[in-house]
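Each chain, letter by letter, is given below.
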Amino acid sequence: MRTQLSLQGISRLVEGTLENPAGILGPHRVEHADRQAISVRAFLPDSEQVWLVDRPSNCLRPMRKIHPAGFYEALCPEESANDYRLRIATKNGDIKEMHDPY
């Protein structure tokens, strides 16, 4: 899966100059392979790896690192994006789980 975001939008988010981060971060409807899906995006600069945790099934979905500064994205079915958390492996080896504020 390729991201549907522009490199300019990602760069502005990473640089802190994007006026509306909610327009990029969090869950967003996308079309992938002629089907509706949800793209979940997160910017976690101190992370080494991030997973999307589908809470009802406790299924882990790895998020793809789109930008080396810590911008991640995962594509999931629409029903999986209703109740999820982010599991983060930090650069110092800690694992933590958090609610996505977006």
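Residues numbered from 1 in each chain as written. Predicted model: local features only at pLDDT ≥ 70, side-chain atom pairs only at ≥ 80, totals over all residues. Heavy atoms only, no water.

Draft legend 1. How the structure looks around the sheet that holds strand β3 (residues 47-54). Taken together, four strands build an open sheet; the order of strands is β4-β3-β7-β8 and the sheet is antiparallel. In this open sheet, the two strands that pair with only one neighbour each are β4 (59-62) and β8 (95-98). Going across the sheet, the axis of each strand differs from the next one's by a mean of 30 degrees, ignoring polarity. Pairing of β3 with strand β7 (residues 84-90) involves seven bridges; the strand directions are antiparallel. (Pairing = 2+ DSSP bridges. Helix = DSSP H or I, 4+ residues; strand = E, 2+ residues; numbered from the N terminus. Axes fitted to C-alpha atoms, helices over the stretch in contact; angles between N-to-C directions.)

Draft legend 2. Summary view of the nonpolar core. Among the nonpolar cores identified, the biggest contains 13 residues, and Val40, Leu44, Val50, Leu52, Met63 and Leu86 are the most heavily contacted of them. At the level of secondary structure, the elements contributing two or more residues to this core comprise β2 (35-43), β3, β6 (71-76) and β7. If we skip the residues at most four places from it in the chain, Met63 touches Val40, Arg41, Ala42, Gln49, Val50, Trp51, Leu52, Tyr72, Glu73, Ala74 and Leu86. Of all hydrophobic cores here, the second largest spans seven residues; its members include Leu13, Leu18, Leu25 and Phe71. (Core = buried A, V, L, I, M, F, W, Y, C linked by side-chain atoms within 4.5 Å. Buried < 20%, exposed > 50% of the residue type's maximum accessible area, 1.4 Å probe, protein only. Contact = heavy atoms within 4.5 Å.)

Draft legend 3. How the structure looks around the pairing of β8. In this structure, β7 lies alongside β8, joined through four bridges in antiparallel fashion. Within the sheet, the bridge partner assigned to Ala89 lies in β8 and is Ile95. In sequence, β7 turns back onto β8 through a hairpin of four residues, with Gly93 there showing a positive phi of about 95 degrees.

Draft legend 4. Here's a closer look at the pattern of salt bridges. Under the definition given, this model contains four salt bridges. Across the salt bridge formed by Arg55 and Asp83, the nearest N and O atoms sit 3.2 Å from each other. Here Arg55 is found in the loop between β3 and β4, whereas its partner Asp83 is found in the loop between β6 and β7, with 28 residues between them in sequence. Between Arg85 and Glu97 there is a salt bridge, with the nearest N and O atoms lying 3.4 Å from each other. Placement of the pair is Arg85 in strand β7 and Glu97 in strand β8, with a sequence separation of twelve residues. Judged by its relative accessible area of 34%, Glu97 falls in the partly exposed class. It is possible to trace a salt-bridge network through shared partners that takes in Arg85, Arg87 and Glu97. (Salt bridge = Lys/Arg side-chain N within 4 Å of Asp/Glu carboxyl O.)

Draft legend 5. Structural context of the pairing of β6. Most of β6 sits out of view: six of its six residues are buried. Every second residue of β6 is oriented toward a common face, with Phe71, Glu73 and Leu75 on one face and Tyr72, Ala74 and Cys76 on the other, all of them buried. Alignment of β2 against β6, held across six bridges, turns out to be antiparallel. When the bridges of β6 are listed, Ile38 appears paired with Cys76. Note that strand β5 (residues 64-67) and β6 share three bridges and pair antiparallel. Along β6, the bridge assignment pairs His67 with Phe71. Between β5 and β6, which pair antiparallel in sequence order, lie three residues; one of them, Gly70, sits at a positive phi of approximately 115 degrees.

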